[in-house]
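Topology and contacts: notes
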Amino acid sequence: MTENDHAVVLAAGMGRRLQPRTDDTPKTLLSVGEKPILGHIFAALRANDYRRVTMVVGHEAARIRDYCADVSAFEIDYIENERYAETNNLYSLWLARETLTDGFTLVNADTLFSPETVGRLVAATGPTLVIDQEKSLDDEEMTVAIDGGTVVDIGKELAAADGEYIGLCKFDAESARRLVETLGEFIENEALGEWYERAFAELFGDVSVGCVAPVGPWVEIDDAEDLRSGRELYRTVEADGIDG
């Protein structure tokens, strides 16, 4: 398996900003259009010939397993973050470290994007982040700095940002091994509450990481307003006869 046929989907979080909707339903299973968020992610991966998915689960893990058993045509492995209530996604990604070293695509389980966006990522050479350079930015976004097509920094408080990371990226075998080493350094320092983008920022000093733009609209579902936006987007998509 390589970065273009193996996806790691991070779905362990509690979705606190969407409570009470997420009290007994993982955020990735909230309905958007005719499918839950995870269903749209799987559709985009299937359209691009991904064969294996590693799901990192935590909150309401059994619900995710049940859903995947009903709908998925992938080879799925599950990794459980039993400390999901006290850790962040850096720890979840580190738990999947043994699956990463041949290369992988990383997907945040609360992000909606088009199959064509995944296709553009697959077509890119080397480690690549999907970056929206058109969207207006504020303090909530995970922003990036870009120099000559290379991502040089990432974080929520950059002094000068060139775009927003949408929660979708890939790393080839060599860069994935370097990333695992960097994640391990954070774990050794007990930085379990960090975003994995902190490890990315450290990696950018040693590894050249490119970027591509999303194709069509996308949305990260963090709160009730995002959920409304996602549902409106997919009403529009379905009305146009496009499979989300």
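Going by the structure above, here's the rest.
Residues numbered from 1 in each chain as written. Predicted model: local features only at pLDDT ≥ 70, side-chain atom pairs only at ≥ 80, totals over all residues. Heavy atoms only, no water.

1. A few points about the overall build of the chain
- Each helix and strand counted, the chain has seven helices and 13 strands in total.
- At 17 Å, the chain has a C-alpha radius of gyration in line with the 18 Å of a compact globule built from 244 residues.
- On the principal axes, the C-alpha backbone points of the chain span a range of 45 × 35 × 35 Å.
- Across the 244 residues of the chain, 55% fall into the buried class.
- Here the contacts in the chain between residues at least 6 apart in sequence split such that 75% fall between residues at least 24 apart.
- As displayed, the chain has an accessible area near 10900 Å², and 42% of this comes from carbon and sulfur atoms. (Helix = DSSP H or I, 4+ residues; strand = E, 2+ residues; numbered from the N terminus. Rg over C-alpha atoms; globule rule 2.2 N^0.38 Å. Buried < 20%, exposed > 50% of the residue type's maximum accessible area, 1.4 Å probe, protein only. Contact = heavy atoms within 4.5 Å. Areas by Shrake-Rupley, 256 points an atom, 1.4 Å probe, with all protein chains shown as cover.)

2. Things to note about a negative patch on the surface
- A cluster of acidic residues, Glu181, Glu185, Glu188 and Glu202, forms a negative patch on the protein surface.
- Of the residues forming the negative patch, the biggest block, three residues, is contributed by helix H5 (residues 173-188).
- If you trace the backbone, Glu185 turns up in helix H5.
- Judged by relative accessible area, Glu185 falls into the partly exposed class, the value being 47%. (Patch = residues over 30% accessible without salt bridge, like charges linked within 9 Å, V, L, I, M, F, W, Y side chains within 5 Å. Salt bridge = Lys/Arg side-chain N within 4 Å of Asp/Glu carboxyl O. Lys, Arg positive; Asp, Glu negative; His and termini not counted. Charge placed at Lys NZ, Arg CZ, Asp CG, Glu CD.)

3. Here's the deal with the pattern of salt bridges
- Per the counting criterion, the structure on display carries 12 salt bridges.
- Notably, a salt bridge pairs Glu174 with Arg177, separated by 3.2 Å at the nearest N-O pair. Taken together, the residues span about one helical turn, with Glu174 and Arg177 both in helix H5 at a distance of three residues.
- A relative accessible area of 43% places Glu174 in the partly exposed class.
- Looking at Arg177, the relative accessible area reads 39%, which means it is partly exposed.
- When the shortest N-O distance is used, the salt bridge between Glu194 and Arg198 registers 2.9 Å.
- A relative accessible area of 39% places Arg198 in the partly exposed class.
- By sharing partners, the salt bridges in this structure join Lys27, Asp110 and Asp222 into a single network.

4. Focus: the layout of surface pockets
- Considered as a void within the structure, the largest pocket measures approximately 1100 Å³ in volume.
- Lys27, Asp110, Trp195, Glu220 and Asp222 are, among the 42 residues lining the largest pocket, the residues nearest its centre.
- Elements represented by at least two residues in the lining of the largest pocket include exactly strand S1 (6-11), helix H3 (89-95), strand S11 (163-171), helix H6 (196-203), strand S13 (219-220) and helix H7 (224-239).
- Classifying every residue of the lining of the largest pocket by side-chain character gives 15 nonpolar, 12 polar and 15 charged. (1 Å grid on protein atoms, 1.4 Å probe; cavity = no way out; pocket = protein on both sides within 12 Å on 5 of 7 lines; lining within 4 Å. Points joined across faces, edges and corners; volume = space filled by probe spheres on them. Nonpolar A, V, L, I, M, F, W, Y, C, P; charged D, E, K, R; others polar.)

5. With respect to the packing of helix H1 (residues 37-46) against helix H2 (residues 61-71)
- Where H1 meets H2, the closest approach of the two axes is 11 Å, and the angle between their N-to-C directions is 40 degrees. In terms of axis orientation, H1 runs oblique to H2. Note on packing geometry: the crossing formed by H1 with H2 is right-handed. Contact residues: Leu38, Gly39, Phe42 and Arg46 in H1; Ile64, Tyr67, Cys68 and Val71 in H2.
- Classifying every residue of the contact of H1 with H2 by side-chain character gives six nonpolar, one polar and one charged. (Axes fitted to C-alpha atoms, helices over the stretch in contact; angles between N-to-C directions. Parallel < 35°, antiparallel > 145°, perpendicular 65-115°, else oblique. Left-handed = near helix turned anticlockwise from the far one by under 90°.)

6. Regarding H2
- Among the residues of H2, those classed as buried are Ala61, Ile64, Tyr67 and Cys68. When H2 is viewed along its axis, its buried side chains cluster within an angular range of 125 degrees and face the same direction. Facing away from the buried surface of H2 by more than 90 degrees, the exposed residues are Ala62, Ala69 and Asp70.
- Packing partners of the buried residues in H2 comprise S1, strand S3 (35-36), H1, strand S4 (52-57) and strand S5 (75-80). (Arc of directions from axis to C-beta.)

7. Regarding the side chain of Thr25
- Residue placement: Thr25 occurs in the loop between S1 and strand S2 (31-32).
- With a relative accessible area of 13%, Thr25 lands in the buried category.
- At a separation of 3.4 Å, a polar atom in the side chain of Thr25 contacts the side chain of Asp24. (Polar contact = N/O pair within 3.5 Å; in protein donor to acceptor, adjacent residues only side chain to side chain.)

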